[in-house]
Amino acid sequence: MTEDAIVADGLTKRFGEKTAVNDVSLSIPRGTVYGFLGPNGAGKTTTMRMLTALTEPTAGSATVAGVPVSNRRQLTRHIGYLPADPPVFDELTAWEQLRHVARLHGVSDGDADERIETLLDRFDLLADADDRIASYSTGMAKKVGIIAALFHEPDVVFLDEPTSGLDPRAARTVRDTIADLVTREMTVFLSTHILPIVDELADTIGVINEGELVAEAPPAELKTLADESPDLETAFLEITAERDRDATDGRSAGSGATAAEGPTDV
Ligand SMILES: Nc1ncnc2c1ncn2[C@@H]1O[C@H](COP(=O)(O)OP(=O)(O)OP(=O)(O)O)[C@@H](O)[C@H]1O
């Protein structure tokens, strides 16, 4: 595997007339957390779906864990993906669901059970693990989705809002788990609207707005882009308001939000 776990070159996705993601390029080093921020509809999910081979790019290319995203079969072994709504089967129990996931990765029930038990225990789900997922709360189902995404210890994991719907203890477990993953050289691509999480965990934050990567920098550096006060929320609001202001001023879109180090590489 190359040093960069995620490399994207000019990723673009159009849905008819709508350009959801426009010319996004990324170079994300192995063993780091990349926080991916953007307003609703900015193109975060579409970007993640292209990087996980669930959506074919209209233009551009990407390599994740050294595997081109055009090679979906091979990519699956190296990545985990937690979508905002985890794909769990209501009629199964957590045990059954996770054994199903293990089998998809070619792991027998016998070999999988110890790891499933450890993960269920870590996420406080062991006592409920024989109940059907239909009876679970949103947060409990989310935990099953997180375990499923991490089960095969992928090189790169994509997490879409991993803490939404979780109680504070479970959210803390997720944050600790993410911190633990990177110590084991996993790479985490973390999309969320909860700014303190990326502030705490991300090595680099990318901000996408209207499909374009408009800023990319470490959290501390990104905060310095804010005119009013040096905090992430203010920086985020100012960066993502930039285009509106630019449009009003008749200047070019996205021009004002360059971190000192560089890329508004759109
Ligand atoms: N299958 C699709 N067909 C048509 N348009 C789509 C499709 N998927 C996404 N879009 C559009 O692409 C844009 C980006 O959507 P996307 O879901 O990637 O945004 P997002 O940043 O994940 O938003 P949110 O924070 O609300 O989840 C939106 O305008 C959305 O309506």
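What you see is a predicted model, and the numbers here were worked out from it, not measured in a lab. (Residues numbered from 1 in each chain as written. Predicted model: local features only at pLDDT ≥ 70, side-chain atom pairs only at ≥ 80, totals over all residues.)

**Some details on the overall build of the chain**
Heads up, the condition is: In this text, helices come from DSSP runs of H or I with a minimum length of four residues, and strands from runs of E with a minimum of two, each type numbered from the N-terminal end. Think of it as a crowd count around each C-beta: if 20 or more other C-beta atoms lie within 10 Å the residue is buried, if 12 or fewer it is exposed, and in between it is partly exposed, with C-beta placed from the backbone throughout. Contact between two residues is assigned whenever their backbone-derived C-beta positions fall within 7 Å.
Scanning the chain from N- to C-terminus turns up nine helices and ten strands. Split into buried and exposed, the 266 residues of the chain put 45% on the buried side. Across the chain, contacts joining residues at least 24 apart in sequence account for 66% of those joining residues at least 6 apart.

**Quick word on the site of the ligand**
The test is simple: We call a residue near a molecule or strand when the C-beta position, derived from backbone atoms, sits within 6 Å of it.
Taken together, Phe15, Lys18, Ala20, Gly38, Asn40, Gly41, Ala42, Gly43, Lys44, Thr45 and Thr46 are the residues near the ligand. Within the residue set of the shell around the ligand, elements represented by two or more residues are strand 2 (18-29) and helix 1 (44-51).

**Re the confidence of the model for the chain**
The condition that has to hold: pLDDT gives the predictor's per-residue confidence on a scale running from 0 to 100.
Across the chain, the average pLDDT comes to 87, with 90% of residues at 70 or higher. Across residues 250-266, confidence stays below pLDDT 50; counting only partners more than four residues off in sequence or on other chains, it has 40 contacts. Reported for the predicted complex are a pTM of 0.88 and an ipTM of 0.98.

**Quick notes on helix 1**
Most of helix 1 sits inside the fold, with eight of its eight residues counted as buried. Where helix 1 is concerned, the buried positions are Lys44, Thr45, Thr46, Thr47, Met48, Arg49, Met50 and Leu51. Just past helix 1, the residue Ala53 takes up positive phi, approximately 65°.

**Section: the nonpolar core**
We count it as follows: To define a nonpolar core, we join buried Ala, Val, Leu, Ile, Met, Phe, Trp, Tyr and Cys residues through C-beta atoms within 7 Å and take the resulting set. The domain boundaries here were taken from an automatic or database domain assignment.
One finds Val64, Val157 and Leu190 to be the most contacted residues of the largest nonpolar core, which totals 78 residues. A per-element tally of this core places helix 5 (residues 138-150) first, with eight residues. The two domains that each donate at least three residues to this core are domain 1 (1-80 + 162-167 + 187-266) and domain 2 (90-153). If near-sequence neighbours (up to four positions away) are discounted, Leu190 is found in contact with Val33, Tyr34, Gly35, Phe36, Leu159, Ile178, Val198, Leu201 and Ala202.

**As for the UniProt feature "domain: ABC transporter" (unreviewed entry) in the chain**
The following threshold applies: UniProt positions are given in the numbering used here, feature names are shortened, and annotations may be inferred rather than shown by experiment.
According to UniProt, the "domain: ABC transporter" (unreviewed entry) feature falls on residues 6-235. In residues 6-235, helix accounts for 37% and strand for 27%; the two terminal C-alpha atoms are 25 Å from one another.

**With respect to the sheet that holds strand 5 (residues 67-68)**
Selection criterion: Strands are treated as partners if at least two bridges between them are detected by DSSP. To obtain each axis, a line is fitted to C-alpha atoms, and for helices this fit is confined to the stretch in contact; angles are then taken between N-to-C directions over 0 to 180 degrees.
The four strands are arranged 2-1-4-5 in an open sheet whose pairing can be described as antiparallel. In this open sheet, the two strands that pair with only one neighbour each are strand 2 and strand 5. One ladder, built from eight bridges, connects strand 1 (residues 4-15) with strand 2; its direction is antiparallel. Within the sheet, the bridge partner assigned to Ile6 lies in strand 2 and is Ile28. Together, strand 1, strand 2 and strand 4 (59-64) form the strand contacts of helix 1, whose direction differs from that of strand 1 by roughly 120°.

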